[in-house]
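Chain by chain, the residues run as shown.
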Amino acid sequence: LPVLIGLLVLYVPTFYSLSIGLWTKVDQAHGPIIFLLSAWLILRRWNVMLSVSSNENTSRFGWIILFLALIFYIIGRSQQILVLEISSLILMLSAILLIKRGYGALKAMWFPLFFLLFMIPLPGPFVTALTMPMKMAVSFVAEAVLYWLSYPIARDGVILQIGHYQLLVADACAGLQTLLTLEALGLFYMNLVNHASFVRNVLLVTLIIPISFTANVIRVIVLTLVTYHFGDAAGQGFLHEFAGMVLFISALMLILATDAVLQYFIRIRTSGIQLQSSL
């Protein structure tokens, strides 16, 4: 109870600031979802953590991490450096696990704590440097697909001209943060299904990157078609927000389909190995 009260005193102001600040931006709207999913994963693993750890096998190394977490929190909170402030929460939870239950507890909770990393906002210059090439690529593919479908479309950089409408492919439609959010979605799915095959897990994690790119292309194509057929007001209004749902639904369906294909080929490979063994 004292530990819980201490965490609430430290981090309730942090999450309040996030809720009225960073999390209100389109490219950071995944933040509260990541936090809630991480909290659910922690609760889901709680009994497992208790079973594999003991309050007799604690680690003194946890006090060093706790001290580092407090430094991160003080600097981040006082100087409004969100990278440090949010990172301090991950370090703080890790330190508490080590101090109270030892390395077994930290091992049991590694994925929920790792998942919290997706809440940390990346530095602006780094995001900008990687976002522009991604937007160019998404714009190029979207133009090629719509041109193949015989739509009157042209492209100038990241600006799509369809009919008499011009659409700018924004960072939220094809940015690095979107890619990271979809990567987080894929990792969350993998943690839930908990495949035993190492090859299958590695392939799925690797393929999430082209899946994210494809989902972004689908989102841009949907917005472009909505604007072309129903006007600019429809494209920039409710349907623009709905396109975000299209993005995540498309990504989830592509992840499920990819996983099913991988399962099919791995089953064939396993059956072939068993057949050779029996022969």
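Just so it is clear, the model here is predicted, and its values are computed rather than measured.

Conventions used here
Residues numbered from 1 in each chain as written. Predicted model: local features only at pLDDT ≥ 70, side-chain atom pairs only at ≥ 80, totals over all residues. Heavy atoms only, no water. Helix = DSSP H or I, 4+ residues; strand = E, 2+ residues; numbered from the N terminus. Buried < 20%, exposed > 50% of the residue type's maximum accessible area, 1.4 Å probe, protein only. Areas by Shrake-Rupley, 256 points an atom, 1.4 Å probe, with all protein chains shown as cover. Expected span 1.5 Å × (residues − 1). Arc of directions from axis to C-beta. Contact = heavy atoms within 4.5 Å. Salt bridge = Lys/Arg side-chain N within 4 Å of Asp/Glu carboxyl O. Pairing = 2+ DSSP bridges. pLDDT = per-residue confidence, 0-100. Axes fitted to C-alpha atoms, helices over the stretch in contact; angles between N-to-C directions. Phe/Tyr/Trp six-rings, centres within 6.5 Å; stacked < 30°, edge-to-face > 60°.

1. Some words on the overall build of the protein
Tallying secondary structure elements over the protein gives twelve helices and three strands in all. Here the protein holds 279 residues, and the buried ones make up 39% of them. Total accessible area computed for the protein in this model is approximately 15,900 Å², and 71% of it derives from carbon and sulfur atoms.

2. Remarks on unusual backbone geometry
Its identity is not glycine, yet Gln80 carries a phi of approximately 55 degrees, on the positive side. Phi at Ser150 is positive, roughly 70 degrees, even though this residue is not glycine. Note that Ser150 resides in the loop between α7 (124-148) and β1 (153-156).

3. Brief notes about helix α3 (residues 61-79)
Given a rise of 1.5 Å per residue, 19 residues ought to cover 27 Å, and the 27 Å separating the end C-alpha atoms of α3 matches this to within 8%. For α3, the complete set of buried residues consists of Gly62, Ile65, Leu66, Ala69, Tyr73 and Gly76. One side of α3 holds all its buried residues, which, seen down the axis, span an arc of 100 degrees. Turned more than 90 degrees away from the buried face of α3, the exposed residues are Trp63, Ile64, Phe67, Ile74 and Gln79. In this structure, the buried residues of α3 make contact with α1 (2-20) and α4 (82-100).

4. A closer look at the pattern of salt bridges
Taken as a whole, this structure holds two salt bridges when the rule is applied. Note that Arg77 is salt-bridged to Glu85, the shortest N-O span being 3.0 Å. Judged by its relative accessible area of 4%, Glu85 is buried. Ionic pairing is found between Glu143 and Arg155, a salt bridge with its closest N-O pair at 3.2 Å.

5. Side note on the pairing of strand β2 (residues 159-162)
Here β2 shows one buried face, formed by Leu160 and Ile162, and one open face, formed by Ile159 and Gln161. Bridge count for β1 against β2 is four bridges, and the pairing is antiparallel. Counted as the bridge partner of Arg155 is Leu160 from β2. Turn length for the β1-β2 hairpin, with the two strands adjacent in sequence and antiparallel, is two residues, and the turn residue Gly157 shows positive phi of about 70 degrees. Both β2 and strand β3 (residues 165-168) contribute to a ladder of four bridges, which runs antiparallel. Its bridge partner lying in β3, Ile162 is registered against Tyr165. Where β2 folds back onto β3 in an antiparallel hairpin, the turn is made up of two residues, including Gly163, whose phi is positive at roughly 60 degrees.

6. Comments concerning the environment of Val83
Note on placement: Val83 falls in helix α4. Judged by its relative accessible area of 34%, Val83 is partly exposed. Each C-alpha atom, one on Val83 and one on Leu122, is 7.6 Å from the other, the two residues being 39 residues apart in sequence. Sequence-distant contacts of Val83, defined by excluding residues within four places in its chain, comprise Ile120 and Pro121.

7. Looking at the environment of Val3
With respect to the helices and strands, the residue Val3 is situated in helix α1. The spacing of Val3 and Ile96 is 93 residues in sequence and 8.3 Å in space, taken between C-alpha atoms.

8. Brief notes about the confidence of the model for the protein
Averaged over all residues, the pLDDT of the protein is 82; the fraction at 70 or higher stands at 85%. When mean pLDDT is taken per element in the protein, α3 scores highest with 93 and helix α8 (residues 171-174) scores lowest with 60.

9. Observations concerning the environment of His30
Looking at the secondary structure, you find His30 in the loop between α1 and α2 (31-52). Expressed as a C-alpha distance, the spacing of His30 and Leu182, which sit 152 residues apart in the sequence, is 9.7 Å.

10. Re the sheet that holds β1
As a general point, the strands of a sheet are linked pairwise by backbone hydrogen bonds and lie either parallel or antiparallel. Ordered in space as β1-β2-β3, the three strands form an open sheet in which the pairing is antiparallel. Each of the sheet's edge strands pairs with one partner strand only, and the pair in question is β1 and β3. Geometrically, the sheet is characterised by an average inter-axis angle of 20 degrees between neighbouring strands, direction not taken into account. Each of β1, β2 and β3 is contacted by helix α10 (residues 198-230), which is oriented at about 155 degrees to β3, the strand it contacts most.

11. Topic: the packing of aromatic side chains
Within this structure, the stated rule accounts for twelve aromatic pairs. Relative to Tyr228, the ring of Tyr151 lies with its centre 5.5 Å away and its plane at 85 degrees, an arrangement referred to as edge-to-face. You can see Tyr151 sitting in the loop between α7 and β1 and its partner Tyr228 sitting in helix α10, a full 77 residues away along the chain. According to the relative accessible area criterion, Tyr228 is partly exposed, its value standing at 29%. One aromatic cluster is present, built from ring pairs that chain together Trp40, Trp110, Phe111, Phe114, Phe115, Phe118 and Phe188.

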